[in-house]
Amino acid sequence: MDTAGIIPDIIDVKPKAKATITYPSGAQVDLGKELTPTQVKDEPTVVYDAEAGSLYTLLLVDPDAPSREDPKFREILHWAVINIPGSNVSQGQVIAEYIGAGPREGSGLHRYVFFVFKQNEKIVSDKFINKTTREGRVSVKVRDYITKYNFGAPVAGNFFQAKYDDYVQTLIAQVK
């Protein structure tokens, strides 16, 4: 994450461990490996070491919108789940439904970065952003979550890179 510029673009301290992220397509996230939007269109499985009885937050962001050279919309929130009991992501509270990678044609490679944070307490929120909504996803900052909820360094993380493929048009048509 150091060499990919994730530090300092998004966070200041690298995650303590690597999260294992597998997509239904069979694609695996591996610290910057390039994947296609088609491979990552569906919600993945995220595995990380967790302490029993603790709650966690999972965030997925794209810091490179509209492009890495001009990241004026940094960061785009692609997925957010809070109050995850241990590592059971499916039992957490989704506040932003998963949307896959959607880099625009000609915008080059985008980084898609997963972070897992240990919560100090249960987060109370009625916020919900469905997968067809862009509102509430643009210019979201991981650092703001860290400050607001007093998170420490991420306990796990991983990232992939993706550039435009034909699936992006399907995604764009679904997200308003």
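Here, the structure is the one placed above.
Residues numbered from 1 in each chain as written. Predicted model: local features only at pLDDT ≥ 70, side-chain atom pairs only at ≥ 80, totals over all residues. Heavy atoms only, no water.

1. Things to note about unusual backbone geometry
Piece 1. Omega for the bond connecting Ile7 with Pro8 falls within 30 degrees of zero, at 15 degrees, which places this linkage in the cis form.
Piece 2. A cis amide bond links Ala65 to the next residue, Pro66, at an omega of 0 degrees.
Piece 3. Here Pro66 is to be found in the loop between β3 (55-62) and β4 (76-85).
Piece 4. For Asn150, which is not glycine, the phi torsion reads 55 degrees and is therefore positive.
Piece 5. With respect to the helices and strands, the residue Asn150 is situated in the loop between α2 (142-148) and β7 (156-162).
Piece 6. You can call Asn150 exposed: its relative accessible area is 57%. (Helix = DSSP H or I, 4+ residues; strand = E, 2+ residues; numbered from the N terminus. Buried < 20%, exposed > 50% of the residue type's maximum accessible area, 1.4 Å probe, protein only.)

2. With respect to the layout of surface pockets
Piece 1. If you add up the space inside the largest pocket, you get close to 360 Å³.
Piece 2. If you go around the largest pocket, you meet 20 residues; those closest to its centre are Ala65, Ile76, Gly102, Arg104 and Arg134.
Piece 3. Among the elements of the structure, β4, β6 (110-118) and α3 (167-174) are those that each provide at least two residues to the lining of the largest pocket.
Piece 4. Classifying every residue of the lining of the largest pocket by side-chain character gives eleven nonpolar, five polar and four charged.
Piece 5. Quantified by volume, the second largest pocket comes out at close to 230 Å³.
Piece 6. Its residues assigned to classes, the lining of the second largest pocket comprises five nonpolar, three polar and five charged. (1 Å grid on protein atoms, 1.4 Å probe; cavity = no way out; pocket = protein on both sides within 12 Å on 5 of 7 lines; lining within 4 Å. Points joined across faces, edges and corners; volume = space filled by probe spheres on them. Nonpolar A, V, L, I, M, F, W, Y, C, P; charged D, E, K, R; others polar.)

3. Quick notes on the pattern of salt bridges
Piece 1. Under the defined criterion, the tally for this structure stands at nine salt bridges.
Piece 2. Across the pair Arg74 and Asp9 runs a salt bridge whose closest N-O atoms are separated by 3.6 Å. You can see Arg74 sitting in the loop between β3 and β4 and its partner Asp9 sitting in helix α1 (residues 6-9), a full 65 residues away along the chain.
Piece 3. Using a relative accessible area of 18% as the deciding quantity, one classes Arg74 as buried.
Piece 4. Where Glu51 meets Lys118, a salt bridge forms, and the shortest distance between an N and an O atom there is 2.7 Å. With Glu51 in the loop between β2 (45-47) and β3 and Lys118 in strand β6, the pair connects residues that are 67 residues apart, well separated along the chain.
Piece 5. Accessibility expressed as a relative area gives 30% for Lys118, which makes it partly exposed.
Piece 6. The network of salt bridges with common partners includes Asp9, Asp64, Arg74 and Arg111. (Salt bridge = Lys/Arg side-chain N within 4 Å of Asp/Glu carboxyl O.)

4. Here we look at the packing of aromatic side chains
Piece 1. Applying the stated criterion to the full structure yields ten aromatic pairs.
Piece 2. Aromatic pair Tyr23 and Tyr98: ring centres 6.2 Å apart, planes at 55 degrees, arrangement tilted. Taken together, the residues Tyr23 in the loop between β1 (20-22) and β2 and Tyr98 in the loop between β5 (93-96) and β6 connect sequence positions 75 residues apart. No difference in accessibility class separates Tyr23 from Tyr98, as the two residues are buried.
Piece 3. Three or more aromatic residues joined by ring pairs make a cluster, and in this case those are Tyr23, Trp79, Tyr98, Tyr112, Phe114 and Phe160. (Phe/Tyr/Trp six-rings, centres within 6.5 Å; stacked < 30°, edge-to-face > 60°.)

5. Here we look at α3
Piece 1. By the burial criterion, the buried members of α3 are Tyr167, Val168 and Leu171. One side of α3 holds all its buried residues, which, seen down the axis, span an arc of 100 degrees. (Arc of directions from axis to C-beta.)

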